[in-house]
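# Descriptive structure summary
What follows is each chain in one-letter form.
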Amino acid sequence: MNVPCQIISQTAEKTAEKNASLGSITEFASKSGLFCGGDAKTQRFILQSVSRDLLPGHRVSSCLRTIAPLHETVDLYYRPATRSAFFKNLMICGNPWVCPLCSARITEQRRKELTIGLARAVKDYEIIMITYTFAHKRTDALLTILKQSKEARRRLKSGCRFKNLKSAYGWIGSVTSTEVTYGDNGWHVHYHEIALLKKSADPTLLPNLQTTIKTLWLSVLAASGLSADWQHSVNFALAETDVLEYVAKWGHEPIDATWTITHEAVKGISKVAKTAKKGRTPFQLLADCFAGDRASGNLFKAFARAFKGTKQLQWSRGLRKLLAVGIEKSDEELAKVELSQADTFLDSLTREQWHIIQCREQRAALDTVCRTGDVLQVKAWVERALADVTFVHVSFKGY
C-alpha cells in the first residue's frame, strides 16, 4: 500500500513548530500591515491565530486548519459575485464569540436574515430599539454578572407584568443580541433588543412604554442581585432617526453606506470601540494581546469561558414565522460556505502541502492571492511558498 508522502526538508520540519507561536504571527502581521489599514480578512486570520494560542483546547484551534475527516485535500475556490475566496474540506468551529473568521460569516448571515425580516415588518409595525444595561465595577467577575443579567432578562419576559405590557402597547415580538465590552469600569454587559409594536397614532405610547420598561427592568435587576440608575438603565431609539449614532458607535466596522439598525444588533462582537473608557470588544482584546498585552489575553480567556453556550442572537417565539425568515440555522451551519455553480475552482492542495502553509501562518496570504481569481497566480504562489520543501513518497510492498 502507499502511505502519505513524508516531509524531509529541514526547513519545513523546524519551521512548522516555530511558526505555530505568536512570534511568527507577529512577523507576518508586521509585513501585511495588520491594524494599520491592512486587509480586514488578513486581520481576522491573524486574530484567529491569537485566539488559538490563548485557547489551545478549543475548537478554534483546528478551525480552518485541520482537514476534515474523509478528505485528503484542501480545495481553493474564488467567488466572482463577492470577489472572495474560500477553502473547502477544512474543519470549522462555528463559534462567533472566539473565532474572528467564523464570526464574520455568522454575523453577516444573521444580519441579512434580520434585514429581510425587518423589511417585511416595516409596513405593518413600529420598529424600535431598546438597550438594557446595569451598573458594574472593575472587580465584577464576568461570569457572575452575565449569569445575573441573564436571570434579569428571564424575569423581565416572564410573569403577568410583561404579559400586560405586551397587551397594553401592542408588543408583537423582538430580536435580542448580547454584547460585552471591557473598559475602565470592568466588564460591561448589555442587551440590544429590536422590538416590533403595532402601529399607533397615540403620541404618548412610546414615552409610556419607556417608563414601564424602565420600572420593570430596575425591579428584575434588583431581584437578580444587580442595580442601575433610572437615567442609564434603559435607552430607546427609533431605528431610522438614530442611524448616524449607531454608525459612530460601530467605528470602522460600517464600510457599507447603508448601515442600519440590524448591524447594531448583530455585529456587536466585531465592533470597534473608540476609547478605553467606552470599552474594548473581545476581538480588540485579541488585538491588544497580539500587540504584547498579556492582561488583554487573560481577559479574553475569561470572556471565552463566560460566553460559552450563549446565543448571539435570540428571536422571540413565533417572530421568525411571522416575518417568514425560515427555520433558524445553527452557527456552524452559517459558518460553512456552500459551493455554487458560479464559484471558480483554483487549485487543490495535498495534506502535506496544506500542513506547511498553515504551520507557517500563510493562510491569509493564500486567501489574498485566491481573491484575484487567477488560477495561474495561485499555482505560482503555491509553488513559491513550497519551494524549500521536499516531499518524498514512500511505498511499502508486501502488505
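What you see as residue numbers is a count from 1 along each chain, following the sequence as written. Thresholds applied to this predicted model are a pLDDT of at least 70 for local features of residues and 80 or more for the giving and counting of side-chain atom pairs; totals over whole chains, interfaces and linings are not thresholded and use all residues. Calculated side-chain values reflect all of the structure's heavy atoms, with hydrogen atoms and water omitted.

## Considerations on the pairing of strand E5 (residues 171-183)
Heads up, the condition is: Type-normalised accessible area, obtained with a 1.4 Å probe on protein chains alone, sets the label of each residue: buried when under 20%, exposed when over 50%, and partly exposed for intermediate values. Numbering of helices and strands runs from the N terminus, with a helix taken as a DSSP run of H or I at least four residues long and a strand as a DSSP run of E at least two residues long. The rule for pairing is simple: two strands pair if DSSP sees at least two bridges between them.
Among the 13 residues of E5, 12 are classified as buried, and the element is accordingly described as predominantly covered. Taken together, E5 and the strand that follows it, strand E6 (residues 186-198), pair antiparallel across an intervening segment of 2 residues. Where E5 and strand E8 (residues 313-315) come together, 3 bridges link them in antiparallel fashion. Paired with Val175 across the bridge in E8 is Trp315.

## Some remarks on the packing of aromatic side chains
To keep things clear, this is the line we draw: Stacked, tilted and edge-to-face are the three classes applied to pairs of Phe, Tyr and Trp rings, where Trp contributes its six-membered ring and a pair requires centres within 6.5 Å; stacked means planes under 30 degrees apart, edge-to-face means over 60, and tilted covers the rest.
This model, assessed by the stated rule, comprises 11 aromatic pairs. For the pair Phe87 and Trp354, a centre-to-centre distance of 5.6 Å together with 70 degrees between the ring planes defines the contact as edge-to-face. One end of the pair, Phe87, is in strand E3 (residues 84-88); the other, Trp354, is in helix H15 (residues 351-359), and 267 residues separate them in sequence. Trp354 shares its class with Phe87; the two are buried. Linked through ring pairs, Trp97, Phe300, Phe303 and Phe307 together constitute an aromatic cluster.

## As for unusual backbone geometry
The backbone phi angle of Leu70 is positive, close to 75 degrees, even though this residue is not glycine. Note on placement: Leu70 falls in the loop between helix H3 (40-54) and strand E2 (73-79). In the Ramachandran plot, Ala324 falls in the positive-phi region, its phi being about 55 degrees despite a non-glycine side chain. By secondary structure assignment, the location of Ala324 is in the loop between helix H13 (319-322) and helix H14 (331-335).

## Description of the confidence of the model for the chain
Stated formally: Residue-level confidence of the predictor, termed pLDDT, takes values from 0 up to 100. Note on contacts: a residue pair is in contact if any heavy atoms of the two residues lie within 4.5 Å.
A residue-level look at the chain finds 78% of positions with pLDDT of 70 or above and a mean pLDDT of 83. A low-confidence stretch, residues 1-24 stays under pLDDT 50, and its non-local contacts, those more than four residues away or across chains, total 48 contacts. Between residues 26-37, whose pLDDT stays under 50, and residues either more than four places distant or in other chains, the model counts 20 contacts.

## Brief notes about the environment of Gly279
Positionally, Gly279 belongs in the loop between helix H10 (261-266) and helix H11 (282-290). With a relative accessible area of 0%, Gly279 lands in the buried category.

## Considering the sheet that holds E2
Strand pairing in a sheet relies on backbone hydrogen bonds, with the paired strands running either antiparallel or parallel. Note the cut-off: Angles here are taken between N-to-C directions and fall from 0 to 180 degrees, while the axes themselves are lines fitted to C-alpha atoms, restricted in helices to the stretch in contact.
Strands sit in the order E3-E2-E9 across an open sheet of 3 strands; the sheet is antiparallel. Strands with a single pairing partner mark the edges of an open sheet, and in this sheet they are E3 and strand E9 (344-350). With strand direction ignored, the average angle separating the axes of adjacent strands in the sheet is 20 degrees. Its contacts with the sheet put helix H16 (residues 363-370) on E2, E3 and E9, and the angle it makes with E3 is roughly 125 degrees.

## Let's talk about helix H7 (residues 205-223)
Rules: Here the expected length of a helix is defined as 1.5 Å per residue gap, with one fewer gap than residues.
With 19 residues, H7 ought to run about 27 Å at 1.5 Å a step, and its terminal C-alpha atoms sit 27 Å apart, in line with that. All of the buried residues in H7 are Leu205, Leu209, Ile213, Lys214, Leu216, Trp217, Val220 and Leu221. After H7 finishes, the residue Gly225 shows a positive phi value of roughly 85 degrees.

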